[in-house]
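Structural characterization, general
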Amino acid sequence: MDRRISAALTQPVRLVPLSFFGVIVLGTVLLMLPISHADGTVDVMAAAFTTVSAVCVTGLATVDTSTYWTPFGQVVILLLIQVGGFGIMTLATLLSLLIRGRLGVAGRLRAQAETHAFDVGGGVTRLIRRIAVRMLLAEAVVAALLTIRFRVAYDDDLGTALWHGVFHAVSAFNNAGFALYSNNLVGFVTDPFICLPICAAIIAGGIGYPVYFELARRWRRPHEWTVHTRLTVGGTALLLITGTLAYLAFEWTNPETMGPMSMPEKLLSSVTASVVARTAGFNTIDYGAITAATLVITLVLMFVGGGSAGTAGGVKVTTFFLLGFLILAEARGEDDVVVGRRRITAAAQRQAVSVALLGVGSVTLGTIAVVVVSGLPLDVVAFEVISAFGTVGLSTGITPSLNVPAQLVVMLLMFTGRVGTVTLASALALRTRKRYYHYPETHPIVG
């Protein structure tokens, strides 16, 4: 094999997207089997689109998950969600640990690329074990709560209640948004015993593993939190509160969404909508009937997304708020960007700008492409595109009507949003180069 190709394949940053692609191919083949379809037919695009959406933990679907797929097909989707959320590289490393009981340097590097760990020593090995245990534990707790509710309140038999509880718990923790009901979770919008456990799972999965582990160690000592944890926790809380208030304000009297609800039901619905808009994608209200103001708020929440190194998508909370602090420092005329008495490195600033701009570029190009090939209105296309890039899964209802070219664009956006714009760009780069000299400085006119 050519040395350049060999070197590219041995770098973790390239193996991550390649591994995601490999699982997508495998999932597509499994969903194309007649045993996966309720009517026994084979639809290549439906299988491919659903697989990409599941592996990229998005939740957009061109077919009804509850009726189109057999129990076998639904199990395949569940496994794809779990694999996509956990991370292909992390899962592969975990299997290596279980089989061999040790982890080589190459495996540690691959795990580092997926989990955003900062070392390649034994700490990565322990990190992956802890991720797996805590992930399964969180899903088990939520699954138990949902199973009890489905069994007691909705008269599901024990087998059905257990299956629905497990499926929705895994889908929620991995921020996937797949549901086993034709109207997603609209029928449970006023049920706190369904919505609140799902919201808790979404936040726990989407806040990011580094933050989760730090909070577990130092939750009583917030003054010792790292800047990353402060930005993620503070930013998440601010966005959730802002989203909740926005949904309450703009949907309070909307007769097609929250208008007929009581005040406690409106509050629950608004909290749930604010949480799921941050990359989970469960439909609890009809997003095709929301007001224009709510549509804009939802677009912003979807684009920002959740925490880094978690199951959430978007440009990430830390990126969004780092840019805010960068703008604030520039407005004040300060040379340094300071957060929590810590100076943000120039590399982190460049990365935040790069991620945001690549995100804007992906969404812009995707919107243009879908509008051109589908002929659908701009507002619903923009919603669909940002939902795909942010791996959210919310839709105004146009997903099943997308033609094949539009579906291909949306699939590419879901893949890009899950793998990460910077990771994907790095994976596509043939080589890196360090410049050993500097040109004279200049300052062009900006703005």
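Treat the numbers as computed from the prediction; the structure is a model and nothing was measured.

Reading the values: rules and limits
Residues numbered from 1 in each chain as written. Predicted model: local features only at pLDDT ≥ 70, side-chain atom pairs only at ≥ 80, totals over all residues. Heavy atoms only, no water. Helix = DSSP H or I, 4+ residues; strand = E, 2+ residues; numbered from the N terminus. Buried < 20%, exposed > 50% of the residue type's maximum accessible area, 1.4 Å probe, protein only. Contact = heavy atoms within 4.5 Å. Areas by Shrake-Rupley, 256 points an atom, 1.4 Å probe, with all protein chains shown as cover. Core = buried A, V, L, I, M, F, W, Y, C linked by side-chain atoms within 4.5 Å. Patch = residues over 30% accessible without salt bridge, like charges linked within 9 Å, V, L, I, M, F, W, Y side chains within 5 Å. Salt bridge = Lys/Arg side-chain N within 4 Å of Asp/Glu carboxyl O. Lys, Arg positive; Asp, Glu negative; His and termini not counted. Charge placed at Lys NZ, Arg CZ, Asp CG, Glu CD. Phe/Tyr/Trp six-rings, centres within 6.5 Å; stacked < 30°, edge-to-face > 60°. Axes fitted to C-alpha atoms, helices over the stretch in contact; angles between N-to-C directions. Parallel < 35°, antiparallel > 145°, perpendicular 65-115°, else oblique. Nonpolar A, V, L, I, M, F, W, Y, C, P; charged D, E, K, R; others polar. pLDDT = per-residue confidence, 0-100. Polar contact = N/O pair within 3.5 Å; in protein donor to acceptor, adjacent residues only side chain to side chain.

Looking at the overall build of the chain
Within the chain, the secondary structure is distributed over 19 helices and 2 strands. The burial tally for the chain puts 51% of its 447 residues in the buried class. When contacts within the chain are restricted to residue pairs at least 6 apart in sequence, long-range pairs at least 24 apart make up 68% of them. For the chain, the accessible area works out to roughly 21200 Å², and carbon and sulfur atoms hold 66% of it.

A short note on the nonpolar core
Within soluble globular proteins, side chains that are nonpolar tend to cluster in buried spots. Ranked by size, the top nonpolar core spans 109 residues in total, and within it Phe282, Tyr287 and Met414 carry the most contacts. Considering each element in turn, this core owes the most residues, 9 residues, to helix α8 (residues 122-153). The residues contacting Met414, other than those within four sequence positions of it, are Phe49, Val52, Ser53, Cys56, Thr58, Leu60, Ala388 and Thr391.

Some remarks on a positive patch on the surface
Residues Arg126, Arg129, Arg130, Arg134 and Arg217 make up a contiguous surface patch of positive charge. For the positive patch, the element with the highest residue contribution is α8, accounting for 4 residues. Within the secondary structure, Arg126 is located in helix α8.

What to know about the pattern of salt bridges
The full count for this structure, using the stated rule, is 3 salt bridges. In this structure, the salt-bridge partner of Asp191 is Arg149, at a minimum N-O distance of 3.0 Å. With Asp191 in the loop between α9 (158-173) and α10 (192-206) and Arg149 in helix α8, this residue pair connects regions lying 42 residues apart in the sequence. Taking the relative accessible area as the measure of exposure, Arg149 reaches 25% and is therefore partly exposed. Between Glu224 and Arg221 there is a salt bridge, with the nearest N and O atoms lying 2.8 Å from each other.

Some words on the packing of aromatic side chains
Summed over all chains, the structure comprises 10 aromatic pairs. When the centroid spacing of 4.8 Å and the interplanar angle of 80 degrees are considered together, the rings of Tyr68 and Trp69 count as edge-to-face. Aromatic side chains Tyr181 and Phe188 sit 5.0 Å apart centroid to centroid with 70 degrees between the ring planes, which places their arrangement in the edge-to-face category.

Here's the deal with a nonpolar patch on the surface
A surface patch of nonpolar side chains, amounting to about 390 Å² of accessible area, comprises Leu365, Ile368, Val372 and Val373. Residue position: Val373 is located in helix α16 (residues 346-374). You can call Val373 partly exposed: its relative accessible area is 33%.

Section: the packing of helix α17 (residues 378-389) against helix α18 (residues 404-419)
The geometry of α17 relative to α18 is characterised by a closest axis approach of 7 Å and an angle of 40 degrees between their N-to-C directions. With respect to each other, α17 and α18 are oriented oblique. Across the interface between the two elements, Val385, Ala388 and Phe389 from α17 touch Val410, Leu413, Met414, Thr416 and Gly417 from α18. A per-class count over the contact of α17 with α18 returns 6 nonpolar, 2 polar and no charged.

As for the confidence of the model for the chain
Per-residue confidence for the chain gives a mean pLDDT of 85, with 85% of residues at or over 70. Looking over the chain, one finds the lowest element-wise mean pLDDT in helix α1 (residues 3-10), namely 46, and the highest in α9, namely 96. Across residues 4-10, where pLDDT falls below 50, the model places 6 contacts with residues more than four positions away in sequence or in other chains. This model gives residues 92-103 a pLDDT under 50, and the stretch forms 15 contacts once residues within four places in sequence are excluded.

As for the side chain of Thr50
Note that Thr50 resides in helix α3 (residues 44-55). Its relative accessible area of 1% is what places Thr50 among the buried residues. Here the side chain of Thr50 touches Ala46 through a polar contact of 2.7 Å, landing on its backbone oxygen.

A word on the environment of Arg221
Along the chain, the position of Arg221 falls in the loop between α11 (209-218) and α12 (227-251). In terms of polar contacts, Arg221 uses its side chain to reach the side chain of Glu224, at 2.8 Å.

Focus: unusual backbone geometry
Despite not being glycine, Val57 shows a phi value in the positive range, around 40 degrees. Looking at the secondary structure, you find Val57 in the loop between α3 and α4 (65-68). Taking the relative accessible area as the measure of exposure, Val57 reaches 0% and is therefore buried. Phi is positive for Thr279, close to 110 degrees, though the residue is something other than glycine. Within the secondary structure layout, Thr279 lies in the loop between α13 (263-276) and α14 (292-304). Classification of Thr279 by relative accessible area gives buried; the value is 0%.

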